[in-house]
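Understanding the architecture of this molecule
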There are 2 protein chains.
Amino acid sequence: MKQIVLIGTGLIGGSMMLDLREAYPSAVFHGIDADKQHAAKAKELGLIDLVSGMEVLSAADLVVIAIPVDATVQLLPKVLDQIGEQSLVMDVGSTKEAICKTVRGHAHRRHFMAAHPIAGTEFSGPQAAHKGLFGQKTMIVCEVEQTAFALQERAKEIFEHLGMRVRYMTPAAHDRHIAYVSHLSHISSFMLGKTVIQEEENERDIFDLAGSGFESTVRLAKSSPAMWTPIFAQNREHVLDSLDGYIANLSRFRESVKNNDFNAIFEDMEQTNRIRTILKGMENGK
Amino acid sequence: MKQIVLIGTGLIGGSMMLDLREAYPSAVFHGIDADKQHAAKAKELGLIDLVSGMEVLSAADLVVIAIPVDATVQLLPKVLDQIGEQSLVMDVGSTKEAICKTVRGHAHRRHFMAAHPIAGTEFSGPQAAHKGLFGQKTMIVCEVEQTAFALQERAKEIFEHLGMRVRYMTPAAHDRHIAYVSHLSHISSFMLGKTVIQEEENERDIFDLAGSGFESTVRLAKSSPAMWTPIFAQNREHVLDSLDGYIANLSRFRESVKNNDFNAIFEDMEQTNRIRTILKGMENGK
């Protein structure tokens, strides 16, 4: 690969470039960003070589789109309009149905791979990018059969350089599952943060009484609203379902506490302790 | 101090003994536990010198009660019945109102200090104990004026050896605040784990799609039901209040998603991002 273009020079795209620069040392890395300060910072940090514009797309071997999912839905068809015969275009968004739908039937659909790396942190922007973010993580690929075989092979090579394992899913299955294991986690964390902030008029009390448990549970409430609002919008139906399930479980827990039914509370928690094995599986399997 | 007695040889008590053994190398460390295997394990791991019974209480310079809070309410008055003139008794439970109430008016009330170290992990048992658990953490002390001054001084020395800073609160304020920053975190995490497990019939999907965000948010759902059920029971009123606030916030968030009011969603998250500064304060302040 000689020309690599990153659209959106934030945490995810920037981290990917850092790893790919080692894998493709002779390639030129272009960065395109609506936020000029982000683009300049990405260049300063060495995530990209050049701040570029859309005119570089036609010569690109790889285009990575790493912007909020609402912007991806808008921009992706235009990117596919402008790419060359050799180009592989990949998005990294946290929703897949709307993004796949926006290019269904596009003349260059076979140049596109719908991808979602299960990796990230609560931080954002180019300064949050770092090497090795994707190592041992999972890359979800959707509608792989819609991507040209030669470009599938190129993507596979890229994922190997990133140290990722690949799993294939339909966009519908992806969006449903991810609503539960990712989107709901973010909402539960944001609402926990909100509830505690509301209660504590004197912040000093939070500092003193909050331990590592609170810190861990509320960590995702630091995440970027600009990134997460469009995710919730695009995955609205599944997010609503997951929230309904969560609120129902919390309400039942509340009823048990209210009714002094602490046997039910104990059993509820004991059953959920199964998450220990599940998380252990995550650690071992990834 | 020559004789130190730990009642409950688990994570919190065991970790405390490990640090105190360095501070008081010539003292004898006794362990009392209803679970004989825990006591034996604690001895094997060097958390205590001897597996003992209640007969050692009268000679104790320090008694640390580190058992579930319902058991503490039962046992604490009996411990105070049996201690000597020199003894300081300290509990480390996550609730304070019921525990303080159970010894109100006890002839030896002034030998007791109601304490709650803001430290711990999601693991439990003697094998989870480790050195340095309390370093840079906060020890909440309640009703300090009810503890004899000389024993306050001894406790202060102990907390210094553990590397803790002390904060004084009323039992009522403690229980109310801790419901929000600790008990609610645990419930939100347990119910998140439950909701995801319910949804995912095929666990493999959880492994593949769950990232570090889910892992962080659901971590507390590994916690011990035997420890947490009595905490929720004793802090029932405040736990209900905190759950009401949390469920109301989640329901409002759900309504905004349902109504496609994503401006409200954005603003909600942006306001809650303030937790970044709060958590930073925690890191710097502790």
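Rules used throughout
Residues numbered from 1 in each chain as written. Chains lettered and ligands numbered in written order. Predicted model: local features only at pLDDT ≥ 70, side-chain atom pairs only at ≥ 80, totals over all residues. Helix = DSSP H or I, 4+ residues; strand = E, 2+ residues; numbered from the N terminus. Rg over C-alpha atoms; globule rule 2.2 N^0.38 Å. Buried ≥ 20, exposed ≤ 12 C-beta atoms within 10 Å, placed from the backbone. Contact = placed C-beta atoms within 7 Å. Pairing = 2+ DSSP bridges. Axes fitted to C-alpha atoms, helices over the stretch in contact; angles between N-to-C directions. Least-squares fit on C-alpha atoms with pLDDT ≥ 70 in both. Domains from an automatic or database assignment. Nonpolar A, V, L, I, M, F, W, Y, C, P; charged D, E, K, R; others polar. Parallel < 35°, antiparallel > 145°, perpendicular 65-115°, else oblique.

This next bit is on the overall build of chain A. Helix and strand content of chain A: twelve helices and eight strands. A compact globule built from 286 residues would reach a C-alpha radius of gyration of about 19 Å, and chain A, at 21 Å, matches this within 12%. Judged by the C-alpha coordinates and their principal axes, chain A covers about 65 × 40 × 35 Å. Across the 286 residues that make up chain A, the buried fraction comes to 52%. For chain A, the proportion of contacts with a sequence separation of at least 24, taken over those separated by at least 6, is 75%.

This brings us to the interface of chain A and chain B. With 82 residues of chain A in contact, the opposing surface of chain B contributes 82 residues. When contributions to the side of chain A that touches chain B are tallied by element, the ones reaching two or more residues are β7 (138-142), α6 (171-199), α7 (203-209), α8 (212-218), α9 (225-234), α10 (236-258), α11 (262-272) and α12 (275-285) of chain A. Broken down by element, the residue count for the side of chain A that touches chain B peaks at 21 residues, all from α6 of chain A.

All right, on to the sheet that holds strand β2 (residues 28-32) of chain A then. All names here are of chain A. Within the open sheet, the eight strands sit side by side as β3-β2-β1-β4-β5-β6-β7-β8. Their pairing is mixed. In the strand order of this sheet, the two ends are held by β3 (50-51) and β8 (165-169), each with one partner. Bridge analysis of β2 against β3 gives two bridges, and the strand direction is parallel. Note that in β3 the partner of Gly31 across the bridge is Val51. The sheet contacts of helix α3 (residues 69-82) involve β4 (62-65), β5 (88-91) and β6 (112-117), and relative to β4 the element is tilted by about 165 degrees.

The transformation that overlays chain A on chain B combines an axial shift of 0.0 Å with a rotation of 180 degrees, and the residual RMSD is 0.0 Å. Put plainly, the chains are arranged around a two-fold axis. Of every C-alpha in chain A, the one belonging to Thr217 of chain A sits nearest the axis of rotation, 2.2 Å from it.

This next bit is on unusual backbone geometry. A positive phi angle is found at Gln136 of chain A, which is not glycine, with a value near 70 degrees. Inspection of the secondary structure puts Gln136 of chain A in the loop between β6 and β7.

Residue and element names in this part refer to chain A. Structurally, chain A comprises domain 1 (3-169) and domain 2 (174-285). Taking only C-alpha atoms into account, the centre of domain 1 sits 30 Å from that of domain 2. Taken together, the contacts link 14 residues of domain 1 with 16 residues of domain 2. Secondary-structure elements contributing two or more residues to the side of domain 1 that touches domain 2 are α3, α4 (97-102) and β7. Partitioned by chemical class, the residues of the side of domain 1 that touches domain 2 number six nonpolar, four polar and four charged.

Right, let's talk about the packing of helix α1 (residues 11-23) of chain A against helix α5 (residues 149-162) of chain A for a bit. All names here are of chain A. Running from amino to carboxyl end, α1 crosses α5 at an angle of 100 degrees, the nearest separation of the two axes being 9 Å. Regarding the angle of α1 to α5, the classification is roughly perpendicular. For the pair formed by α1 and α5, the contact residues are Met16, Asp19, Leu20 and Ala23 on the first element and Ile158, His161 and Leu162 on the second. Residues that form the contact of α1 with α5 fall into these classes: five nonpolar, one polar and one charged.

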